[in-house]
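Examining the three-dimensional arrangement
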Amino acid sequence: MVTFFFLSILLFIPITGDDWYNYAIGKQGITISIQNTILMYLTWEGRIISRILIYLLTYHRIFYSILTSVLITFFCYTTANFFKTK
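Notes on the structure follow. None of the values given here were measured: they were computed from a predicted structure.

At a minimum axis distance of 5 Å, the contact between helix 4 (residues 49-59) and helix 5 (residues 61-82) shows a crossing angle of 110 degrees. Between helix 4 and helix 5, the angle falls in the class roughly perpendicular. Side by side, helix 4 and helix 5 meet where Leu57, Thr58 and Tyr59 of the first sit next to Arg61, Phe63, Tyr64 and Leu67 of the second. Looking at the contact of helix 4 with helix 5 residue by residue, the class counts come to 5 nonpolar, 1 polar and 1 charged.

Here the focus is the pattern of salt bridges. One pass over the structure, following the stated rule, counts 2 salt bridges. Two residues, Glu45 and Arg47, come together in a salt bridge whose shortest N-O distance is 2.9 Å. Owing to a relative accessible area of 16%, Glu45 belongs among the buried residues under this scheme. Residue classification places Arg47 among the partly exposed positions, given a relative accessible area of 38%. Of the charged contacts, one joins Arg51 and Glu45 as a salt bridge, the two residues approaching to 2.6 Å between their closest N and O atoms. According to the relative accessible area criterion, Arg51 is buried, its value standing at 8%. What you see here is one network of salt bridges that share partners, running through Glu45, Arg47 and Arg51.

Conventions used here
Residues numbered from 1 in each chain as written. Predicted model: local features only at pLDDT ≥ 70, side-chain atom pairs only at ≥ 80, totals over all residues. Heavy atoms only, no water. Axes fitted to C-alpha atoms, helices over the stretch in contact; angles between N-to-C directions. Helix = DSSP H or I, 4+ residues; strand = E, 2+ residues; numbered from the N terminus. Parallel < 35°, antiparallel > 145°, perpendicular 65-115°, else oblique. Contact = heavy atoms within 4.5 Å. Nonpolar A, V, L, I, M, F, W, Y, C, P; charged D, E, K, R; others polar. Salt bridge = Lys/Arg side-chain N within 4 Å of Asp/Glu carboxyl O. Buried < 20%, exposed > 50% of the residue type's maximum accessible area, 1.4 Å probe, protein only.

The following block contains the structure:
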């Protein structure tokens, strides 16, 4: 139920900030995403896998929403069960 709560929130959040650029790159396909990732790696940042995921998941919004809601729920569950209750 918590997963569906976060999923419903994530589906209604619009694309903002620099995600517009990530969306435009992801829209052009996997080849352009990989080329732009290599360019970004060589010039601005040291991330490879996360940059490819950002490009692809920003364009494929439903996959991003499902993955993020599952990860948030998993984080909340593990955090709640990490500490022993009295």
